[in-house]
Amino acid sequence: MTNSAPPGSAAELFERAAPTYDRTGVSFFGPLGAELVRRADIRPGDRVLDVGCGRGAVLFPAAEATGPTGHVTGTDLAPAMVTLTAEDAARAGLTQVDVLVDDAQRPDFPPRSFDAVLAGLVVFLLPDPQQALRSYARLLRPAGRLAVSTFAAQDPAFDAAMAALAAHLPADQARPAPPDDPFADETRIGATMAAAGLTVTEIGKHRIESRFRDVGHWTEWMWSHAGRALLGRVPAERLDAATADAARALDGARTPDGGLCLRTTIRITVAMPATSHQG
Ligand SMILES: C[S@@+](CC[C@H](N)C(=O)[O-])C[C@H]1O[C@@H](n2cnc3c(N)ncnc32)[C@H](O)[C@@H]1O
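The rules we used
Residues numbered from 1 in each chain as written. Predicted model: local features only at pLDDT ≥ 70, side-chain atom pairs only at ≥ 80, totals over all residues. Heavy atoms only, no water. Buried < 20%, exposed > 50% of the residue type's maximum accessible area, 1.4 Å probe, protein only. Helix = DSSP H or I, 4+ residues; strand = E, 2+ residues; numbered from the N terminus. Contact = heavy atoms within 4.5 Å. Polar contact = N/O pair within 3.5 Å; in protein donor to acceptor, adjacent residues only side chain to side chain. Near = heavy atom within 4 Å. Areas by Shrake-Rupley, 256 points an atom, 1.4 Å probe, with all protein chains shown as cover. Nonpolar A, V, L, I, M, F, W, Y, C, P; charged D, E, K, R; others polar. UniProt positions renumbered as here; feature names shortened; annotations may be inferred. Core = buried A, V, L, I, M, F, W, Y, C linked by side-chain atoms within 4.5 Å.

Asker: Run through helix 8 (residues 215-223), naming residues and quoting values.
Answerer: Buried residues of helix 8: V215, H217, W218, T219, W221 and M222, and no others. Lining the buried residues of helix 8 we find helix 6 (156-166), strand 6 (198-212), helix 9 (228-231), helix 10 (239-249) and strand 7 (260-273). Two or three places before G216, at the opening of helix 8, D214 has a side-chain oxygen 3.2 Å from that residue's backbone nitrogen.

Asker: Go over the site of the ligand, please, and point to the residues and values.
Answerer: Among the 20 residues in the neighbourhood of the ligand, the closest are listed as Y21, G52, D76, D103 and A104. Between the ligand and D76 there is a distance of 2.6 Å, counted from an oxygen atom to a side-chain nitrogen or oxygen. Contacts to the ligand include G120, whose backbone N or O atom sits 2.9 Å from a nitrogen atom. Expressed as a share of its isolated accessible area of 580 Å², the protein-covered part of the ligand is 96%. Taken together, the residues of the shell around the ligand break down into 14 nonpolar, 3 polar and 3 charged.

Asker: Outline the environment of V37, supporting the account with residue identities and numerical values.
Answerer: The residue V37 is located in helix 2 (residues 29-40) in this model. Separated by 201 residues in the primary sequence, V37 and R238 place their C-alpha atoms 41 Å from one another. Apart from the residues within four sequence positions on either side, V37 is in contact with I42, V58, P61, A62, A65 and L118.

Asker: Tell me what's going on with the side chain of D115, and back it up with residues and numbers.
Answerer: Relative to the assigned elements, D115 resides in strand 4 (residues 114-120). In this structure the side chain of D115 is engaged in a polar contact, spanning 3.4 Å, whose partner is the side chain of R141. If near-sequence neighbours (up to four positions away) are discounted, D115 is found in contact with G45, D46, R47, L140, R141, G144 and R145.

Asker: Outline the UniProt feature "domain: Methyltransferase" (unreviewed entry) in the chain, listing residues and values.
Answerer: Under the feature "domain: Methyltransferase" (unreviewed entry), the UniProt entry names residues 44-169. Annotated as residues 44-169, this span is 34% helix and 29% strand, and its ends, taken at the C-alpha atoms, are 49 Å apart.

Asker: Please set out the nonpolar core residue by residue, giving values where relevant.
Answerer: Counting residues in hydrophobic clusters, the biggest one holds 57 residues, and the most contacted among them are L118 and W218. Not counting the four nearest positions on each side in its chain, W218 is found in contact with F158, A161, L165, F212, A246, L250, L260 and L262. Ranked by size, the runner-up nonpolar core spans 23 residues in total, among them V51, F114, V117 and L140.

See the structure below:
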């Protein structure tokens, strides 16, 4: 498979991650995707768009909810994600699913094409999330639902481990300060959605516990998703020391059996086009 994504782009990062993304035996993306679909209230016969579908953590439960009378289109900018997820869908005999390369920043579909647009852990990766949300509002039919998940809180041990890894970056590549976050809290989310022409109907939190056999398993998981952006920038000769420091930072998450348990909380926001909500 060719990888034509620009070096350093999100698409390139996820292209490399695709073969192992959500395939390391860690309970994380799967249950979070299922919860997003549950809150979006997908019904049999619905037409659904899942932007940034990755390996299908949202797409497969959505396809189960629509059933064969509905349709789910998954899109991703990373061709490997698209190819592998399409193969999984075909293997599962899901004739109501198709998977395409498309940009979640500006999805290429006619207005009012979908009963629901789903975006699992992706909008904060986009260059202009508000503009993207505005385009999702246009894709929804009247009474259609947008459901978006974003991070609410990481486990303190995870944050400490990320800081420990970042301390090993070359001085000229220090982690940039986090950008202004339009999904930082419920007030910001409400304002972001309103500015995109959407009315929030629900913002709920969902907490998940993820278990790892040991630090090696945690490191394998980190390479399988966006965590690889940080790991990949640690110079090779510092990687062992960086991982050892991360292991110490993860001590607070140790379980009696020698494993690790990390708790992550996401927010799930459900919104409707403002006009259909008023009407
Ligand atoms: C954190 S993963 C989430 C995947 C999936 N929704 C899930 O819940 O597991 C983010 C996904 O968004 C994709 N992505 C990033 N930027 C994108 C863009 N501009 N357009 C489409 N997909 C994008 C990545 O390739 C990756 O598959």
